[in-house]
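Examination of the molecular architecture
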Amino acid sequence: MSVRGTKIEIQGLSQRYPTRKVPTFNRVDLVSPPGEALAIIGRSGCGKSTLLHILAGLTKGTEGRILLNGTEVAGPSPRWVMMFQAPHLYPWMTVTENVGVGLTFARWGKKEIAERVNDAISLVELQEFAQANVQDLSGGQQQRVALARSLVMEPELLLLDEPFSALDAFTRAALQKDVRSISKRLGFNIVIVTHDIDEAVIMADRAVIMAGSPGDIVHEMDVDLPNPRDRTDPEVQKLRARLMATFQEAANYRKPEVALAGAVH
Amino acid sequence: MSDDAAVSGVVSAGVSGNCISRMLKSTAGKSVHFFGGLAVLFAAWWLGIHFITQDPSMSQFSDFAPKAAFEAMPGLWADGTIPAALETSGYRLGMGMLLAIAIGVPIGILMGRIRWFQQLTDVPFQFLRMISPLSWEPIAVVVFAGWEEAIIFLIAVAAVWPVAFATAAGLAKVDPNWFKVARNLGAKPWHMVTRIIIPAITFDILTGIRLALGVAWIVIIPAEFLGVTSGFGYAIQDARESLEYSSLMALVVIIGAVGYVLDTICVMLIRKFSWHRG
């Protein structure tokens, strides 16, 4: 398995709903170079999850566009694959069938599917469960199946929507490390949306903070740490504290004109 | 590699060994219930006829007793009554069920997937559902060329609603995230039907078919009372008119047994295709 990353360009992206006065976010610009692991941190409701859904092509933005290696995202594609908060596996399929489902949609041959599925299952270390019923797996194992199901498509970009928030701390930490190391080994981009500062510090090369209403990117910070990262490492702790402080500062952020409008009232 | 295979072989042998002993146990328990229940049924039947025939003026009812009925069975088999009825009634039932499934499943999918379709069809379908299929008989006879087609139509009318409603109810329970994941992985619209919807609701469709089969098997007997000279309904009618009450009771037992077998097959299919746990 070998993949290359992609250059992500988000240009003037806005999302507004007709039922709401204030847009969810307004004219967001963001660039991420090939192979980067980018974390978008923000409180619930700041629009970060919506932004990710637009990146995946599952929702359309009202304005602006997203380019991946120069191609505009117009819908879902095996080149950019999303991993959701819950694994959402198909209970009538085995682990192997679940992992290969995307390839069968793309009408791959049986032999190629078997090979690639095998590789993906090894990558997430579920070889001994290949023929298991997914309902017999633990939450962490199920999320590993979901990861393999995404990786088997050999995406240039893996989008993660708080994918480990439902797991216990130990399993979460293991998966965070694994996803990062797999992405670095294969070279694809990651965009991870999270409200967990630790997750950003462990997984990302760069973290951006989204805040305000309408939401915008208010800060960014390079997460320049050696690999593999350990939570107890003082360097990691220091950066975590810095990111936390920035995050809290950003929580009070308001766009100048909104603040002004608030003052008039 | 070979070590792994050996280990997994041992593990699976252990698991299947457990399964077999558990299966044997549950089979033993089930057969006690099966034969016990049958014994109670036949005892009640025998007792009922026994007490009725205590009164000398009721002595002709002795033909209705289990003994007479079971004695009549070999004769009914040998003269071809039962095999012929199995064949013709089975054919009508099969055709009616096929029609009901071919129409009911797509309608159910439309009801479960498309909101306005469900809302628009709710009243007419609930209305039609409550009309006894047999009340269509005079109309069916006029509309269709022969009684044969009319009977198949009646069975289809009886069976289509359970299939359609069970399909729709099954689809309503399908996790919308399954569609989102599929779309995310590049599924085309037809993949949603063939790879997601159908396997997700096979259990519900089969449950609907099971209900439909029960209704259809009940409807087919009176439907065959008129117009045709074959099938279980006709055989019953014929036995009544020629006052062969032992044959009549033998046929009643066979009808019940066939219904039971059909239902058991459905239950086995439901178990085989169900991914639900517990």
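Since this is a predicted model, take the numbers as computed values, not measurements.

We now examine the overall build of chain A. Counting secondary structure elements, chain A contains eight helices and 10 strands. For chain A, the C-alpha radius of gyration of 19 Å lies close to 18 Å, the compact-globule estimate for 265 residues. Seen along its three principal axes, the alpha-carbon backbone of chain A occupies a region of about 65 × 45 × 30 Å. Taking the intrachain contacts of chain A between residues at least 6 apart in sequence as the baseline, contacts between residues at least 24 apart amount to 71%.

Before going further, it helps to spend a moment on the overall build of chain B. Broken down by element type, chain B carries 10 helices and zero strands. Listed N to C, the secondary structure of chain B is α-α-α-α-α-α-α-α-α-α in terms of helices and strands. Relative to the 2.2 N^0.38 estimate, which gives 19 Å for 278 residues, the radius of gyration of chain B is 24 Å and therefore markedly larger than a compact globule would have. A burial count over chain B gives 32% of its 278 residues as buried. Within chain B, contacts between residues separated by at least 24 positions form 72% of all contacts whose residues are at least 6 apart in sequence.

With that settled, the discussion passes to the interface of chain A and chain B. For interface size, the figure often reported is the accessible area lost on association. At the interface, 18 residues of chain A touch 16 residues of chain B. At the level of secondary structure, the elements contributing two or more residues to the side of chain A that touches chain B comprise β6 (80-83) and α2 (95-105) of chain A. Ranked by the residues each element gives to the side of chain A that touches chain B, the list is headed by α2(A), at three residues. Grouping the amino acids of the side of chain A that touches chain B by side-chain chemistry returns 14 nonpolar, four polar and no charged.

Residues at a pLDDT of 70 or more form 94% of chain A, whose mean pLDDT is 87. Under a pLDDT of 50 for its full length, residues 258-265 of chain A has, in the predicted model, one contact with residues more than four places off or in other chains.

In this section: the domain arrangement of chain B. We note that the domain assignment places domain 1 (1-52) and domain 2 (63-273) within chain B. Each of domain 1 of chain B and domain 2 of chain B has a C-alpha centre, and the two are 28 Å apart.

The next point concerns the sheet that holds strand β7 (residues 157-161) of chain A. Residue and element names in this part refer to chain A. The strand order across the open sheet formed by six strands is β6-β7-β8-β3-β9-β10, and the pairing between neighbours is mixed. Because the sheet does not close on itself, it has two edges, and the strands there are β6 and β10 (216-222). Going from strand to strand, the sheet's axes swing by 20 degrees on average, the running direction of each strand aside. Examined bridge by bridge, strand β3 (residues 37-41) and strand β9 (residues 206-211) share four bridges and lie parallel to one another. Across the sheet, I40 pairs through a bridge with V208, a residue of β9.

Residues and elements named next belong to chain A. Taking burial as the measure, the five residues of β3 include five buried ones, the bulk of the element. Taking every second residue as pointing to the same face, both faces of β3 are buried, with A37, A39 and I41 on one and L38 and I40 on the other. By the bridge criterion, five bridges tie β3 to strand β8 (residues 189-194) in an arrangement that is parallel. Bridging from a neighbouring strand, A39 pairs with I192 of β8.

Another point: the environment of A:P23. Residues and elements named next belong to chain A. Tracing the chain through its elements places P23 in the loop between β1 (8-15) and β2 (25-32). Residue classification places P23 among the partly exposed residues on the basis of 17 C-beta atoms within 10 Å. In this structure the C-alpha to C-alpha distance between P23 and P33, which are 10 residues apart in sequence, comes to 27 Å. Excluding residues that lie within four positions of it along the chain, P23 makes contacts with S14, Q15, R16 and P214.

Residues and elements named next belong to chain A. Considered domain by domain, chain A is made up of domain 1 (8-79 + 158-264) and domain 2 (90-154). The C-alpha-based centres of domain 1 and domain 2 are spaced at 27 Å. Taken together, the contacts link 10 residues of domain 1 with 10 residues of domain 2. If one sorts the elements of the side of domain 1 that touches domain 2 by residue count, helix α5 (residues 169-186) sits on top with four residues. Along the lines of polarity and charge, the residues of the side of domain 1 that touches domain 2 split into nine nonpolar, one polar and no charged.

A few words on the environment of A:A251. Residue and element names in this part refer to chain A. Residue position: A251 is located in helix α7 (residues 234-251). A count of 14 C-beta atoms within 10 Å places A251 in the partly exposed class. Remark: the alpha-carbon pair of A251 and I209, spanning 42 residues in sequence, is separated by 9.3 Å. Sequence-distant contacts of A251, that is, excluding residues within four places in its chain, are made with R43 and A211.

Another aspect to go through is the packing of helix α6 (residues 147-172) of chain B against helix α8 (residues 189-223) of chain B. Residues and elements named next belong to chain B. Closest axis-to-axis distance for the α6/α8 pair is 7 Å, and the angle between their directions is 155 degrees. Judged by the angle between their axes, α6 and α8 are roughly antiparallel. Crossing of α6 against α8: the hand is right-handed.

On to the sheet that holds strand β5 (residues 71-72) of chain A. All names here are of chain A. Across the sheet, which stays open at both edges, the four strands sit in the order β2-β1-β4-β5 with antiparallel pairing between neighbours. If you trace the sheet from one side to the other, it starts and ends with β2 and β5, each paired once. Two strands pair when backbone bridges link them, and β1 and β2 are joined in this way by five bridges, in the antiparallel orientation. Bridge pairing in β2 links L13 to V28.

A:L159, B:I155 and B:A216 are the most contacted members of the largest nonpolar core, which totals 136 residues. At 18 residues, the largest contribution of residues to this core is made by α6(B). When near neighbours in sequence (up to four residues on either side) are disregarded, B:A216 contacts B:L93, B:G96, B:M97, B:I155, B:A158 and B:A159.

A few words now on the confidence of the model for chain B. Where the model shows low pLDDT, its predicted coordinates should not be examined in detail. All names here are of chain B. On average, residues of chain B score 89 in pLDDT, and 93% of them are at 70 or above. Considering only residues more than four positions removed or in separate chains, one finds that residues 1-15, a stretch of pLDDT under 50, has zero contacts. Complex prediction metrics read pTM 0.78 and ipTM 0.83.

So, how was this worked out
Each chain carries its own residue numbering, running from 1 in the direction its sequence is written. Working convention: letters from A go to chains and numbers from 1 go to ligands, in the order in which they are written. Where local features are concerned, this predicted model is filtered to residues with pLDDT of at least 70; where side-chain atom pairs are given and counted, the filter is 80 or more; whole-chain, interface and lining totals use all residues. A run of H or I in DSSP counts as a helix once it spans at least four residues, and a run of E counts as a strand once it spans at least two, with each numbered from the N terminus. Atoms counted for the radius of gyration: C-alpha only. Globule rule: 2.2 Å times the number of residues to the power 0.38. A pair of residues counts as a contact when their C-beta atoms, built from backbone coordinates, are within 7 Å of each other. Counting other C-beta atoms within 10 Å of its own, a residue is labelled buried from 20 upward, exposed at 12 or fewer, and partly exposed in the gap between, with every C-beta atom placed from the backbone. Here the term charged refers only to Asp, Glu, Lys and Arg, the term nonpolar to Ala, Val, Leu, Ile, Met, Phe, Trp, Tyr, Cys and Pro, and the term polar to all other amino acids, Gly among them. Confidence scores here are pLDDT values: one per residue, from the predictor, ranging 0 to 100. Throughout, the edges of the domains are those of an automatic or database domain assignment. Whether two strands pair comes down to DSSP finding at least two bridges between them. The convention used is that axes are lines fitted to C-alpha atoms, helices contributing only their stretch in contact, and that angles between N-to-C directions extend from 0 to 180 degrees. Working rule for angles: under 35 degrees goes down as roughly parallel, over 145 as roughly antiparallel, 65 to 115 as roughly perpendicular, anything else as oblique. The handedness criterion is simple: a crossing whose near helix is rotated anticlockwise from the far helix by less than a right angle is left-handed, and one whose near helix is rotated clockwise is right-handed. By definition, a nonpolar core groups buried Ala, Val, Leu, Ile, Met, Phe, Trp, Tyr and Cys residues that are joined through C-beta atoms within 7 Å.

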